[in-house]
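Spelled out from the first residue to the last, the chains are:
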2 protein chains.
Amino acid sequence: MVERALAASEAEARLVRMLKALGNPIRFQIMKTLAERRTCITQEIVATTPLAQSTVSQHLKVLREAGLIEGEISGPATCYCIDVRGVRWLKDQIEQWLPECCTSDVPWGAFSEQESQRQPGRCC
Amino acid sequence: MVERALAASEAEARLVRMLKALGNPIRFQIMKTLAERRTCITQEIVATTPLAQSTVSQHLKVLREAGLIEGEISGPATCYCIDVRGVRWLKDQIEQWLPECCTSDVPWGAFSEQESQRQPGRCC
DNA sequence: CTCTTTTATCGTAATTTTACGATATAAGGG
DNA sequence: CCCTTATATCGTAAAATTACGATAAAAGAG
């Protein structure tokens, strides 16, 4: 079970990494731009921001390392697009984790392996 | 349309705020704990972490201000639970934004108001 | 009223993130 | 080969985040 726990926490780490990457206004905007235009070279993305090229390149690196975008070298430029598999995975994770705590009657135990010893509805 | 644009960017700011709040391992774990136990007082959450009480209190504040959890004063303690409406809203936003860039043929224009002047599939 | 329990907030130090300019690399045109 | 274009990376400064201990406030027990 250690491997499963490790795998779970690796997935969780990846999920948190993605959430953190998206939790920045500039990077979120870059994702929107890429979603709208499907593909952009770095300079085009730079043009949509008030930031320096090097700063945007850094943000692109964060998004790339989080598995949210892909970059393909195209001549002297790099062509970026959304990492569809990564975003799908993220969406699946969000759907898997978050609804479980919001769907009324279903016990929330599935949200974690640990067993809760509290009866529901104590306060709040 | 200014109000709509403002409202949209306010919603976006809220969404980014939520993503940022979740994009921290400790805070993500707190959400998991609350989902599993449904309600916790601060001290119980502190006990699940290696951190000082004041630090956890700070993280709870971030989650609260992001609209992800609710705190209700209960005697000398504060009882926390997940803000179901907030989490539902987050999930709706994620479903609304992210899938649009991943569902194959559908044009991605709906992802943003701006009009793209690029034909799809130039690279990547 | 005094003491205990439980929190939130304040002040502060350490770490991380964010941003910039400068620079090195890579590709292609002339 | 030289020049332009496009990018990533490096070094560094400023800002934000994260963490801690100390402290103040609030509620209840004795």
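Here the residue index of a chain counts from 1 through its sequence in written order. Lettering of chains starts at A and numbering of ligands starts at 1, both following the order in which they are written. With the structure being a predicted model, the display of local features is reserved for residues of pLDDT at least 70 and the display and counting of side-chain atom pairs for 80 or more, all residues being used for whole-chain, interface and lining totals. Neither water nor hydrogens contribute to the side-chain values; these are computed over all heavy atoms in the structure.

Turning our eyes to something else, we now look at the overall build of chain A. Of the regular secondary structure elements, chain A holds five helices and three strands. Here a helix means four or more residues in a row that DSSP labels H or I, a strand means two or more in a row labelled E, and each is numbered from the N terminus. Helices and strands in chain A line up, N terminus first, as α-α-β-α-α-β-β-α. Relative accessibility thresholds used throughout: buried, under 20% of the residue-type maximum; exposed, over 50%; partly exposed, between the two (1.4 Å probe, protein chains only). When each of the 124 residues of chain A is scored for burial, the buried share is 44%. Whether two residues are in contact is decided by their heavy atoms, any of which lying within 4.5 Å being enough. Intrachain contacts of chain A at a sequence separation of at least 6 include 54% that bridge at least 24 residues. Only the protein chains shown count as cover for residues, and all accessible areas are computed by the Shrake-Rupley method using a 1.4 Å probe. Here chain A displays about 7,000 Å² of accessible surface, and carbon together with sulfur accounts for 51% of that area.

Bringing the packing of aromatic side chains into the picture now. Working definition: rings of Phe, Tyr and Trp (its six-membered ring) pair if their centres are within 6.5 Å, and the pair is stacked with planes under 30 degrees apart, edge-to-face with planes over 60 apart, and tilted otherwise. Applying the stated criterion across every chain yields a total of zero aromatic pairs over all chains. Only lysine NZ and arginine CZ atoms are considered, and such an atom sits over a ring when it is within 6 Å of the ring centre and within 35 degrees of the ring normal. When the ring centre of Trp89 of chain B is taken as reference, the NZ or CZ atom of Arg14 of chain B above it lies at 4.3 Å.

The environment of DNA strand D is made up of 22 residues, and the closest members are Thr42 and Tyr80 of chain A together with Lys20, Ala52 and His59 of chain B. For this analysis, a polar contact is any N or O atom pair within 3.5 Å, provided that within protein one partner can donate a hydrogen and the other can accept it, and provided that sequence-adjacent residues contribute only side-chain to side-chain pairs. Between DNA strand D and Gln43 of chain A, the relevant distance is 2.8 Å, taken from a phosphate oxygen to a main-chain nitrogen or oxygen of the residue. Between Ser57 of chain A and DNA strand D, the recorded distance is 2.8 Å, taken from a side-chain N or O atom to a phosphate oxygen. Contributing elements (two or more residues each) for the surface near DNA strand D: helix H3 (42–47), helix H4 (53–65) and strand S3 (77–82) of chain A together with helix H4 (53–65) of chain B. Residues are grouped as follows: Ala, Val, Leu, Ile, Met, Phe, Trp, Tyr, Cys and Pro are nonpolar; Asp, Glu, Lys and Arg are charged; every other residue, Gly included, is polar. Of the residues belonging to the surface near DNA strand D, the class tally is seven nonpolar, twelve polar and three charged. For this purpose, a residue is taken to be near a molecule or strand whenever a single non-hydrogen atom of the residue falls within 4 Å of it.

Moving on, we come to the protein's contact with DNA strand C. Of all residues adjacent to DNA strand C, which total 22 residues, the nearest are Lys20, Ala52 and His59 of chain A together with Thr42 and Tyr80 of chain B. Taking the atoms of DNA strand C that fall within 4 Å of the protein, sugar and phosphate contribute 62% of them. Ala52 of chain A is positioned with one of its backbone polar atoms (N or O) 2.7 Å from a phosphate oxygen of DNA strand C. Here a base nitrogen of DNA strand C sits 3.2 Å away from a polar atom, N or O, in the side chain of Gln58 of chain A.

Residue and element names in this part refer to chain B. Two strands qualify as a pair provided that DSSP identifies no fewer than 2 bridges between them. Pairing in this open sheet of three strands is antiparallel, and the strands run S1-S3-S2 from one edge to the other. Looking at strand neighbours, the two that pair on one side only are strand S1 (39–41) and strand S2 (69–74), the edges of this open sheet. Averaged over all adjacent pairs, the angle separating strand axes in this sheet is 30°, with direction ignored. Inspection of the sheet shows S1 paired to strand S3 (residues 77–82) by three bridges, in the antiparallel sense. A fitted line through C-alpha atoms represents every axis, and for helices the fit uses only the stretch in contact; the resulting angles, taken between N-to-C directions, go from 0 to 180 degrees.

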